[in-house]
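Summary of the model geometry
Given next are the chains, with one letter for each unit.
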Amino acid sequence: MTFADTLSPRERRRGRILACFACWFGCISEVMVDSSAIVILYIAMMGGSKAEAMLSTGFSAVFSMVAMIPCAALVGRIGLKRAVVVACLAGCAGFLLMAAAPFFGPWRKAAALAGCLVFSAQRTLYGAAWYPMLDVFLRPRDRGSFFGTMRFTYMVLSGVLFYFVGRLMGEDPPVRLMQGVLAVTGLLILGRLFCMLRFPENPAEERVRLDWRRALGISVRNGPLVGYSVYVCLLSAASTSLVPLTLLYLKNHAGLDAGRVQVFSTVGIAGSVAGFFCYGFLLRALKIRRLELGVHLAFVAAALVLALAGADVPGFLWVAGAAYFLASFAGSAFMCNNSAEYLALARPGNKPMAVAFLQTYQNVGISVGRAGTAAILGADLLAPSWRLGSLELCGYQTLFLLYGAAMAFLLVLLPALPAFVPKHRDYYEP
């Protein structure tokens, strides 16, 4: 029996409601950095190159790659809620620094990138505390529906807000408008802090002097955890750049103006909303094994469509929008799969380290994928155009083709996932 089973239905319901509100307050900043055009366009306004704009979307993964395990140990020492206080205050400060970047004159680009770095760095500490805090009031049977519902609601909110922001931006958005959006977004992170400080607590896990070597050893010897972590790492490396690269492709190759790119980005948000909305139903109908296969195939299909549909194809925006929607749908389902598997694979008493271990692998993949894409774009390593049979492909399409081929190859790893293995010697509690 888990600690969540000892809570009353009212306490569990209150925890779920507070968690949803925490996500609503904090999701806008995360979506803005990860999959919206606003930060990309703003850094370009401050003088950043296309490689720097692309790299800014991968800062969070870089920090998580190197600091997630140390942060798990830190959370054990200072406590879950103190870690959240530090993380949320730093996240707010990072967005306010980005908003203030134009006041730094010739250092405005550096200030914008520094603010993005600060925000991205705190996400590592926040992530190490978030899942253990949820596990206090989430029973195993509640996880799938909770993650799907929670993320569906915050993506609806994000989609509506970003759509109207895109309409306000127009073709040439004023810097003051962008500053205002960033500043308000940063202040909303304090609302996340307010909610999370009121989560139910498990006194036995709130603060533990974590022996990180022993805890890491337990995770390394957990075969299903290691197998799933490696798979997530490789698939994340191949899929993580699909969404931001599509926006750069539309802006720099297809010639869409800034306002239309931002409006187009809401198609991706709609895909994420649909993925989160449908996740609970899909999980009950398909179970985690078939759902993991379906998500993988959807990523492959989206990448190949974007690779083979050029800007001169009739109805290009509709085709690109459908592929972008599919990639975002798959991304949201992939995120929910991972969240459920985080808690299913985390052995009791070792949850912060197990979650940090898995997230470290995932963020290694994201870092490699986005940093590699940024390096390729910055160094102009790809031919501006080349022919594949009767098709003429640009550099962006070449990258999409590489992503699709890599993800198709990774299908061979699916039989190694814990959900595909009927019996487990190690800990796995789906």
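Refer to the structure above for everything that follows.
Residues numbered from 1 in each chain as written. Predicted model: local features only at pLDDT ≥ 70, side-chain atom pairs only at ≥ 80, totals over all residues. Heavy atoms only, no water.

Overview of empty space enclosed by the protein
Within this structure, the stated rule accounts for four cavities of 30 Å³ or more. For the largest cavity, the calculated volume is near 1,200 Å³. By residue number, the principal contributor to the lining of the largest cavity is helix H14 (residues 316-345), which donates ten residues. Residues belonging to the lining of the largest cavity are distributed by class as follows: 23 nonpolar, 20 polar and six charged. (1 Å grid on protein atoms, 1.4 Å probe; cavity = no way out; pocket = protein on both sides within 12 Å on 5 of 7 lines; lining within 4 Å. Points joined across faces, edges and corners; volume = space filled by probe spheres on them. Helix = DSSP H or I, 4+ residues; strand = E, 2+ residues; numbered from the N terminus. Nonpolar A, V, L, I, M, F, W, Y, C, P; charged D, E, K, R; others polar.)

Thoughts on the pattern of salt bridges
By the definition in use, this model includes three salt bridges. Notably, a salt bridge pairs Arg-192 with Glu-30, separated by 3.1 Å at the nearest N-O pair. With Arg-192 in helix H9 (residues 175-196) and Glu-30 in helix H2 (residues 9-34), this pair connects stretches of sequence that are 162 residues apart. The exposure classification of Arg-192 matches that of Glu-30, with both residues buried. (Salt bridge = Lys/Arg side-chain N within 4 Å of Asp/Glu carboxyl O. Buried < 20%, exposed > 50% of the residue type's maximum accessible area, 1.4 Å probe, protein only.)

Things to note about the pairing of strand S2 (residues 391-394)
Bridging between strand S1 (residues 385-388) and S2 involves four bridges; their strand directions are antiparallel. Residue Arg-387 lies in a different strand from S2, and its bridge partner there is Glu-392. Hairpin connection from S1 to S2: two residues lie between these consecutive antiparallel strands, with Gly-389 at a positive phi of about 65°. (Pairing = 2+ DSSP bridges.)

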